[in-house]
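# Coordinate inspection notes
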Amino acid sequence: MNQQEFIAVFKEVQHKMYFLSKRLLTSHEEAADAVQEVMVKLWTKRDTLEEVKNKEAYAMQMVKNFSLDRLKSKQASHLRIVHSNYEDDHRNAQEEMEREAKVTMVQNVINTLPEQYKMVLQLRDIQQYDYEAIERIMDMKSTAVRVTLSRARKMLKEKIEEQYQIEIA
C-alpha cells in the first residue's frame, strides 16, 4: 500500500477514530494522541493491510483497544468515560439549560451501564456503525452484538424512566 492509497483509505476513518477515542478518554489531547499512535501503527503495517477486508473496522478496533489500554494505565487514572453531544446554535437559554440537564442525566445513566453496553451503544446509536463493523470492532458474534445492544437500550430506558420518577417525586 503506497502513501496515496493509505491516505485515501484512512482519511475518512481518522475522524471517527478520534470521536471513539474521545468518548473513551474524554480529553481532546489524549484522543488526538491515541489516533496519532494508531495511525503510526497502521502505517508501519501498511504492507499487511491488504489482507484486511474492512480496514475501517480494523482501525476502529485498534483505536478502541489503544484507548482502553490507555485508560487502564496508571498514568491515565484521572480519565473517565463520558459522552459528548452535538451543539445546536438555534436554542434559547431556557431550552439550552433543559437540554444540558437532560444530557447530563443521560450521561450519568450511561455511565452506570456495563462497559460493553456503553461501547455497543456508542458505536451503533451515536456513531451509526452497522452491525458487521461493530462485530469486528468489539470482536463479538452477530447475535451477541444484537443482544447486547437490545439489553443496553432496555437497561438505559429503564434507568432513565427510574430517574424521571425520582425527579418527579
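In what follows, the structure referred to is the one given above.
What comes next is a walk through the structure. (Residues numbered from 1 in each chain as written. Predicted model: local features only at pLDDT ≥ 70, side-chain atom pairs only at ≥ 80, totals over all residues. Heavy atoms only, no water.)

## Quick look at the nonpolar core
- Formed by 44 residues in total, the largest nonpolar core has its most connected members in Phe 10, Met 17, Leu 42, Met 60 and Leu 123.
- Sorting the residues of this core by element identifies helix H1 (3-25), helix H2 (28-44), helix H3 (55-72), helix H4 (93-111), helix H5 (115-126), helix H6 (131-138) and helix H7 (142-168) as the ones contributing at least two each.
- A per-element tally of this core places H1 first, with eight residues. (Core = buried A, V, L, I, M, F, W, Y, C linked by side-chain atoms within 4.5 Å. Buried < 20%, exposed > 50% of the residue type's maximum accessible area, 1.4 Å probe, protein only. Helix = DSSP H or I, 4+ residues; strand = E, 2+ residues; numbered from the N terminus.)

## Considerations on the pattern of salt bridges
- Tallied over the full model, the rule gives seven salt bridges.
- A salt bridge links Arg 70 to Glu 30; the shortest N-O distance between them is 2.8 Å. Note that Arg 70 is positioned in helix H3 and Glu 30 in helix H2, a separation of 40 residues in sequence. The same class applies to Arg 70 as to Glu 30, namely buried. (Salt bridge = Lys/Arg side-chain N within 4 Å of Asp/Glu carboxyl O.)

## Digging into the packing of aromatic side chains
- Throughout the structure, instances matching the rule amount to three aromatic pairs.
- Between the aromatic rings of Phe 6 and Phe 10, the centroid separation amounts to 4.8 Å while the plane-to-plane angle is 45°, which identifies the pairing as tilted. Here Phe 6 and its partner Phe 10 are both found in helix H1, four residues apart, which amounts to about one turn of the helix.
- Centre to centre, the rings of Tyr 18 and Phe 19 are 5.4 Å apart; their planes meet at 70°, and the pair counts as edge-to-face.
- By way of ring pairs, the aromatic residues Phe 6, Phe 10 and Trp 43 are connected into one cluster. (Phe/Tyr/Trp six-rings, centres within 6.5 Å; stacked < 30°, edge-to-face > 60°.)

## Things to note about the packing of H1 against H2
- Where H1 meets H2, the closest approach of the two axes is 9 Å, and the angle between their N-to-C directions is 145°. Here H1 runs over H2; the crossing is right-handed. Touching Gln 3, Phe 6, Phe 10, Gln 14, Met 17, Tyr 18, Ser 21, Lys 22 and Leu 25 of H1 are His 28, Glu 30, Ala 31, Ala 32, Ala 34, Val 35, Val 38, Met 39, Leu 42 and Trp 43, all from H2.
- Partitioned by chemical class, the residues of the contact of H1 with H2 number 13 nonpolar, four polar and two charged. (Axes fitted to C-alpha atoms, helices over the stretch in contact; angles between N-to-C directions. Left-handed = near helix turned anticlockwise from the far one by under 90°. Contact = heavy atoms within 4.5 Å. Nonpolar A, V, L, I, M, F, W, Y, C, P; charged D, E, K, R; others polar.)

## Focus on a negative patch on the surface
- Together, Glu 5, Asp 47, Glu 50 and Glu 51 line one region of the surface with negative charge.
- Taking the relative accessible area as the measure of exposure, Glu 51 reaches 69% and is therefore exposed. (Patch = residues over 30% accessible without salt bridge, like charges linked within 9 Å, V, L, I, M, F, W, Y side chains within 5 Å. Areas by Shrake-Rupley, 256 points an atom, 1.4 Å probe, with all protein chains shown as cover. Lys, Arg positive; Asp, Glu negative; His and termini not counted. Charge placed at Lys NZ, Arg CZ, Asp CG, Glu CD.)

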